[in-house]
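Residue-level structural notes
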Amino acid sequence: MEHEVTKVDIIVSKSNEAGDITYANPIFWKLSGYSQGELLDNPHSILRHPDMPKIVFKFLWDNLKAGSDVFAFVKNRSKDGGFYWVLAHVRVAKNPDGSFRNYVSTRRMMTEGARKTIEPLYIKMLEAEKEGGMSASLKVLEDSLSESGASLATFNETMKKLNS
Ligand SMILES: Cc1cc2nc3c(=O)[nH]c(=O)nc-3n(C[C@H](O)[C@H](O)[C@H](O)COP(=O)(O)O)c2cc1C
């Protein structure tokens, strides 16, 4: 069953360097179906949906490790087996001295228009991944981006535009 994300919802969580949850806001608890106690200190992969291509998370982590933020559409799985789609903005927060503070993800509703593009794309990427691993799904993603004159370098802007 799909859980509705409304346009006023801002779903926030923070994590340590390993991706373990150190903070989640009430709308996060509500949509995921987990209590705050069940979320804290657990990995964000607790929400991982099997429909998500692995390459999306590799792209996310590669960018975070390099200090860059990422806007990516994510299908999350709730505790009850349901799901919800979001556009996540994940970034690195630094302390005043420049050292690592945490990773922060702010998620908003996915638009119908974005869904029409992303859902079939992720299905195609997942199929490619099953056959040829992450290099195959990366190729599907790159081909799709280039069809609209975009590339991995303009990934964030392309995702934001899709959701507008
Ligand atoms: C701040 C932050 C938020 C994240 N939020 C999610 C999320 O909502 N859903 C999700 O599946 N993965 C999220 N991830 C990515 C997970 O850490 C993980 O890479 C992903 O679930 C894939 O899990 P796996 O590598 O065990 O397959 C987040 C990572 C960070 C750093």
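Please refer to the structure placed before this passage.
Now for a quick tour of the structure.

Parameters at a glance
Residues numbered from 1 in each chain as written. Predicted model: local features only at pLDDT ≥ 70, side-chain atom pairs only at ≥ 80, totals over all residues. Near = placed C-beta within 6 Å. Helix = DSSP H or I, 4+ residues; strand = E, 2+ residues; numbered from the N terminus. Nonpolar A, V, L, I, M, F, W, Y, C, P; charged D, E, K, R; others polar. Pairing = 2+ DSSP bridges. Axes fitted to C-alpha atoms, helices over the stretch in contact; angles between N-to-C directions. Contact = placed C-beta atoms within 7 Å. Parallel < 35°, antiparallel > 145°, perpendicular 65-115°, else oblique. Buried ≥ 20, exposed ≤ 12 C-beta atoms within 10 Å, placed from the backbone.

Another point: the site of the ligand. In the vicinity of the ligand, 14 residues are found, and the nearest of them are Gly19, His44, Ser45, Tyr103 and Ser105. Put simply, the parts of the chain that give the shell around the ligand at least two residues each are β1 (11-15), β3 (70-77) and β5 (100-109). By residue class, the composition of the shell around the ligand is 6 nonpolar, 7 polar and 1 charged.

Moving on, we get to the sheet that holds strand β2 (residues 21-24). The antiparallel open sheet is built from 5 strands, whose spatial order is β2-β1-β5-β4-β3. With partners counted over all chains shown, the strands left at the sheet margins are β2 and β3, one partner each. Within this sheet the neighbouring strands show an average axis-to-axis angle of 30°, counted without direction. With 9 bridges connecting them, strand β4 (residues 83-94) and β5 associate as antiparallel partners. Along β5, the bridge assignment pairs valine 90 with serine 105. Sitting on the sheet, helix α5 (residues 155-162) touches β3 and β4, and the angle it makes with β3 is about 60°.

For the rest of this paragraph, the subject is the environment of aspartate 80. Residue placement: aspartate 80 occurs in the loop between β3 and β4. Taking C-alpha positions, aspartate 80 is 40 Å from glycine 98, a pair spaced 18 residues apart along the chain.

Looking now at the packing of helix α3 (residues 54-65) against helix α4 (residues 112-147). Contact pair α3 / α4: the axes reach a minimum separation of 8 Å and the direction vectors enclose 40°. Considering the angle they form, α3 stands oblique to α4. Contacts from Lys54, Ile55 and Lys58 of α3 reach α4 at Met125, Glu129, Met134, Ser137, Leu138 and Leu141. In terms of residue class, the contact of α3 with α4 is made up of 5 nonpolar, 1 polar and 3 charged.

Its place among the elements puts threonine 158 in helix α5. On the basis of neighbour count, threonine 158 is assigned to the partly exposed category, with 19 C-beta atoms found within 10 Å. When the C-alpha positions of threonine 158 and phenylalanine 100 are compared, they lie 28 Å apart, and in sequence the two are 58 residues distant. Setting aside its immediate chain neighbours within four residues, threonine 158 contacts Leu145, Ser148 and Ala150.

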